[in-house]
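Fold and contact review
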Amino acid sequence: MPLTTEGTGKPVTVTYWLSHAWLGTHVEPGVLLEVSSGGRIAGVRTGVDAPPPGATVLRGLTLPGLANTHSHAFHRALRSTVQVGSGTFWTWRETMYQVASRLTPDTYHALARAVYAEMALAGITAVGEFHYLHHGPGGTPYDNPNAMGEALIAAAREAGIRITLLDTAYLSAGFGPAPALYRKPDRHQLRFSDTTAEAWAERASLLKGDDHTLIGAAVHSVRAVPAGELATVAQWAEERQAPLHVHLSEQTAENDACLATHGRTPTRLLADHGVLGPRTTGVHNTHLTDEDIALLGSTATGTCMCPTTERDLADGIGPAAALQRAGSPLSLGSDSHAVIDLFEEARAMELNERLRTRRRGHWTAAALLRAASADGHAALGRPDAGVLEPGAPADLVTVALDSVRTAGPVPRLGAETAVFAASAADVRHTVVAGRHLVRDGRHTLIDDVPEALARAVAALHH
Ligand SMILES: [Zn+2]
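Here we summarise the structure given alongside this text. Numbers given for residues are sequential positions, taken from 1 along each chain in its written order. For this predicted model, a pLDDT threshold of at least 70 governs which residues receive local features, and a threshold of 80 or more governs which side-chain atom pairs are given and counted, while totals over whole chains, interfaces and linings are taken from all residues. Excluding hydrogens and water, the side-chain figures rest on all heavy atoms present in the structure.

Computed over the protein atoms alone on a 1 Å grid, cavities are sets of points where a 1.4 Å probe fits but cannot get out and pockets are open sets with protein on both sides within 12 Å along at least five of seven lines; a residue lines them when it has an atom within 4 Å of a point. Grid points are joined across faces, edges and corners, and a volume is the space filled by probe spheres set on the points. Scanning the entire structure with this criterion turns up four cavities of 30 Å³ or more. Here the largest cavity defines a volume of roughly 160 Å³. As for the largest cavity, its lining consists of 19 residues, and the residues nearest its centre are Phe89, Trp92, Met96, His220 and His247. The helix and strand labels rest on DSSP assignments: H or I over at least four residues marks a helix, E over at least two residues marks a strand, and numbering proceeds from the N terminus. Of all the elements, helix H1 (residues 89-102) adds the most residues to the lining of the largest cavity, at five residues.

Okay, here's the thing in structure tokens:
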């Protein structure tokens, strides 16, 4: 029986038969999903026991495609090298700067293409790339001032996933003594800086979106954008109704320096300069006061948690549950790509809260899945994505139910199997805009993703 007959008006071009589908509240067996020529879901029919002729079979648990809301593609080159030895966020950052200093538009493109292909294999259909590596060595702009950003857009297109390029303003090296208040970018940071927010806005305005690409803005942090420049970035995003992201209170040192310079917390500083609001997402939101939490909640500013990075960098555990209760929608990102696995990010958010409170069950698996999908897509400027409903983008991920990790729960199958049992390695199919991008665990556009990753990473460690 048809669950709904309302469609998008466009002719159906592809039909997928899902052995099991997550429909937002429960798992439904035998679902036929029709895709229109525009790459959107045209119809969702339940009670279809067997695949009709011509339908592509997706065997497993099919969910809406996952949103990786916070990414720095080039950090993938640090995986399993930066975990050697000891240190803090700040010593890690030195190593990260070394890799950044070696990137060119070509090597960045090759690396990002492979990283986005790894994301596709992990069921991620959209990435929010927090992009601040804008210029050539010494800060000299490339002939095309957006050569680096366009390399990322091309990489996502070739890997078959959607991208929201969050072009990031990064202008200063941090707080300093009065009267200047902010220090000039250091040797490495020169490549990140447009000098002023106005120059940043001028360059960012040249970027163009398309079917798979949205252009958004980011404030790197209150360290990297002087208070007097914040409103220019906020205004740019406001004019375009574009997403605006910002690293917020990841480190206590940032809070201390901000309080010493401005007499207020980073959250309060952002609020006072018009940065907070429902199109804005604070990334990490780790070390907050009660007033910060209330401010983020009352302005409906989103929170993007990156638990696998936060634990790798010894950041601390952010107050995700309190933020959500206050009114801040939650999303998830793999950030530094210590791992690329949104199921792990989702369960880590819950498990961190358990460790902190010594209580279980802060979120349902359905709520965690919403953070990994619908609310993440919304934070990236696609509020209609992340559901299996007519009119939504036909972006899907199918998790195997016959792996050693996931075998067992049928017929009592729920979102728990995806969130608490599966890993990225269990992703069998990924569909983006109706196109079968990952088929039976193989990327259909890039033949050998591990080899592409190995080559791109090796080129930066010569
Ligand atoms: Zn980040």
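Here we come to the packing of helix H2 (residues 105-121) against helix H15 (residues 449-458). One can describe the packing of H2 onto H15 by two numbers: an axis separation of 8 Å at closest approach and a directional angle of 145°. H15 is crossed by H2, and the crossing has left-handed handedness. Contact with H2, carried on its side by Ala110, Leu111, Ala114, Val115, Ala117, Glu118 and Leu121, involves Val449, Ala452, Leu453, Ala456 and Val457 of H15 and no other residues of that element. Ten residues, namely Ala, Val, Leu, Ile, Met, Phe, Trp, Tyr, Cys and Pro, are considered nonpolar, four, namely Asp, Glu, Lys and Arg, are considered charged, and the remaining ones, Gly among them, are considered polar. Taken together, the residues of the contact of H2 with H15 break down into eleven nonpolar, no polar and one charged. Throughout, an axis means a line fitted to C-alpha atoms (over the contacting stretch in the case of helices), and angles, computed between N-to-C directions, take values from 0 to 180 degrees. Crossings are sorted by hand: turned counterclockwise from the far helix by less than a right angle, the near helix makes the crossing left-handed, and turned clockwise it makes it right-handed. Contacts: residue pairs with any heavy atoms within 4.5 Å of one another.

Water is not part of the atom set, so a site may look incomplete; the donors themselves are N, O and S atoms within 2.8 Å of the metal, or 3.2 Å for Na, K and Ca. Looking at the metal site, the zinc ion is ligated by His70 (NE2), His72 (NE2) and His247 (NE2), spaced 2.1 to 2.2 Å from it. Ordering the donors of the zinc ion by residue number gives the pattern H-x1-H-x174-H. Of the two residues, histidine 70 sits in strand E6 (residues 66-71) while histidine 247 sits in strand E12 (residues 244-248), which places them 177 residues apart along the sequence. There is no split in this pair, since histidine 70 and histidine 247 are both buried. Buried, partly exposed and exposed residues are distinguished by accessible area as a fraction of the type maximum, computed with a 1.4 Å probe on protein chains only: under 20%, between the cut-offs, and over 50%, respectively.

This part is about the packing of aromatic side chains. Pairing of aromatic rings covers Phe, Tyr and the six-membered ring of Trp, with a centre-to-centre limit of 6.5 Å; geometry is then stacked below 30 degrees between planes, edge-to-face above 60, and tilted otherwise. Within this structure, the stated rule accounts for eight aromatic pairs. One aromatic cluster is present, formed by Phe74, Tyr97, Tyr108, Tyr132, Tyr170 and Phe192 through successive ring pairs.

Below, the discussion takes up the packing of helix H4 (residues 197-204) against helix H5 (residues 227-240). Between H4 and H5, whose axes approach to 9 Å, the crossing angle comes to 20°. If you check the angle between H4 and H5, you find them roughly parallel. You can see that H4 and H5 cross each other, and the crossing is right-handed. Residues Ala197, Glu198, Trp200, Ala201 and Ala204 of H4 form the contact with H5, whose participating residues are Glu229, Thr232, Val233 and Trp236. Counted by class, the contact of H4 with H5 contains six nonpolar, one polar and two charged residues. Angles are sorted into four bins: roughly parallel if under 35 degrees, roughly antiparallel if over 145, roughly perpendicular if 65 to 115, and oblique for all others.

Let us now look at unusual backbone geometry. With a phi angle near 50°, serine 249 is a residue other than glycine that sits in the positive phi range. As for its placement among the helices and strands, serine 249 is situated in the loop between E12 and helix H6 (252-262). Using a relative accessible area of 0% as the deciding quantity, one classes serine 249 as buried. Residue arginine 358 is not a glycine yet carries a positive backbone phi of 55°. Within the secondary structure, arginine 358 sits in the loop between helix H11 (342-357) and helix H12 (365-372).

Before going further, it helps to examine the pairing of strand E11 (residues 213-219). Strand residues, when the strand is regular, have side chains that alternate between the two faces of the sheet. In terms of residue burial, E11 counts as a mostly covered element, since six of its seven residues are buried. As judged from the seven bridges shared by strand E8 (residues 162-169) and E11, these two strands associate in the parallel manner. In the strand pairing of E11, alanine 169 is matched with valine 219. Pairing between two strands requires that DSSP report at least two bridges joining them. Across three bridges, the pairing between E11 and E12 is parallel. Its bridge partner being in E12, alanine 218 is matched across the sheet by histidine 245.

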